[in-house]
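Take a look at the letters that make up each chain.
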Amino acid sequence: QVQLVESGGGLVQAGGSLRLSCAASKSLLSISAMGWHRQAPGKQRDLVASITAGANTNYADSVKGRFSISRDIAKNTVYLQMNSLKPEDTGVYYCNAVKGPFNYWGQGTQVTVSS
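Residues numbered from 1 in each chain as written. Predicted model: local features only at pLDDT ≥ 70, side-chain atom pairs only at ≥ 80, totals over all residues. Heavy atoms only, no water.

Trainee: Can you help me understand the sheet that holds strand 3 (residues 18-24) in this one?
Mentor: For sheets, the rule is that strands pair by backbone hydrogen bonds, running either parallel or antiparallel. Strand order in the open sheet formed by 4 strands is 1-3-8-7, with antiparallel pairing between adjacent strands. Of all the strands in the sheet, the pair left with one neighbour each is strand 1 (4-7) and strand 7 (67-72). Here the average twist between neighbouring strands, direction ignored, is 15°. The pairing of strand 1 with strand 3 spans 4 bridges and is antiparallel. In the sheet register, Val5 faces strand 3, and the bridge partner there is Ala23. (Pairing = 2+ DSSP bridges. Helix = DSSP H or I, 4+ residues; strand = E, 2+ residues; numbered from the N terminus. Axes fitted to C-alpha atoms, helices over the stretch in contact; angles between N-to-C directions.)

In structure tokens form, the structure reads like this:
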């Protein structure tokens, strides 16, 4: 089992930046992939960015060039650097880990971007 703890959300004005952190209870090298997902009010949860154990990254089209996912293996932590934030980036951001046939989720952290 993998426990995930997110932090770093908050309220920011449009054009601002935030960095989210997700600390995992297992080595990132033992986890197939980790990702950040966003759920806006009344909408489904969508993938924003992901990173594999081999450090391959993937981004939703809506955040390419603005968001960057990275990791610190020594700290078992994955980060999401969010720049040039827009009001449509508002939502609850969830960290996700895929390990074997299982998906694990964090509790979520709220990001609110004001116009």
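Trainee: It is not clear to me how the pattern of salt bridges should be interpreted in this structure. Could you clarify?
Mentor: One pass over the structure, following the stated rule, counts 3 salt bridges. Across the pair Asp89 and Arg38 runs a salt bridge whose closest N-O atoms are separated by 3.0 Å. Pair noted here: Asp89 is in the loop between strand 8 (77-82) and strand 9 (91-99) and Arg38 is in strand 4 (residues 33-39), with a separation of 51 residues, a long-range link. Neither Asp89 nor Arg38 differs from the other in exposure class; each is buried. Of the charged contacts, one joins Arg66 and Asp89 as a salt bridge, the two residues approaching to 2.8 Å between their closest N and O atoms. Here Asp89 lies in the loop between strand 8 and strand 9 and Arg66 lies in the loop between strand 6 (57-59) and strand 7, a separation of 23 residues in the sequence. (Salt bridge = Lys/Arg side-chain N within 4 Å of Asp/Glu carboxyl O. Buried < 20%, exposed > 50% of the residue type's maximum accessible area, 1.4 Å probe, protein only.)

Trainee: Teacher, can you tell me more about the packing of aromatic side chains here?
Mentor: Each pair of aromatic rings is reported with the distance of its centres and the angle of its planes. Summed over the entire model, instances satisfying the criterion amount to 2 aromatic pairs. Note on Phe102 and Tyr104: the rings are 6.4 Å apart at their centroids and 50° apart in plane angle, and the pair reads as tilted. Since its relative accessible area comes to 14%, Tyr104 is described here as buried. When the ring centre of Tyr94 is taken as origin, the NZ or CZ atom of Arg45, which lies over that ring, is 3.6 Å away. For the cation-ring pair, Arg45 lies above Trp105, with the distance from its terminal atom to the ring centre recorded as 4.7 Å. (Phe/Tyr/Trp six-rings, centres within 6.5 Å; stacked < 30°, edge-to-face > 60°. Lys NZ or Arg CZ within 6 Å of the ring centre and 35° of its normal.)

Without other data, these values stay purely geometric and don't point to any function.
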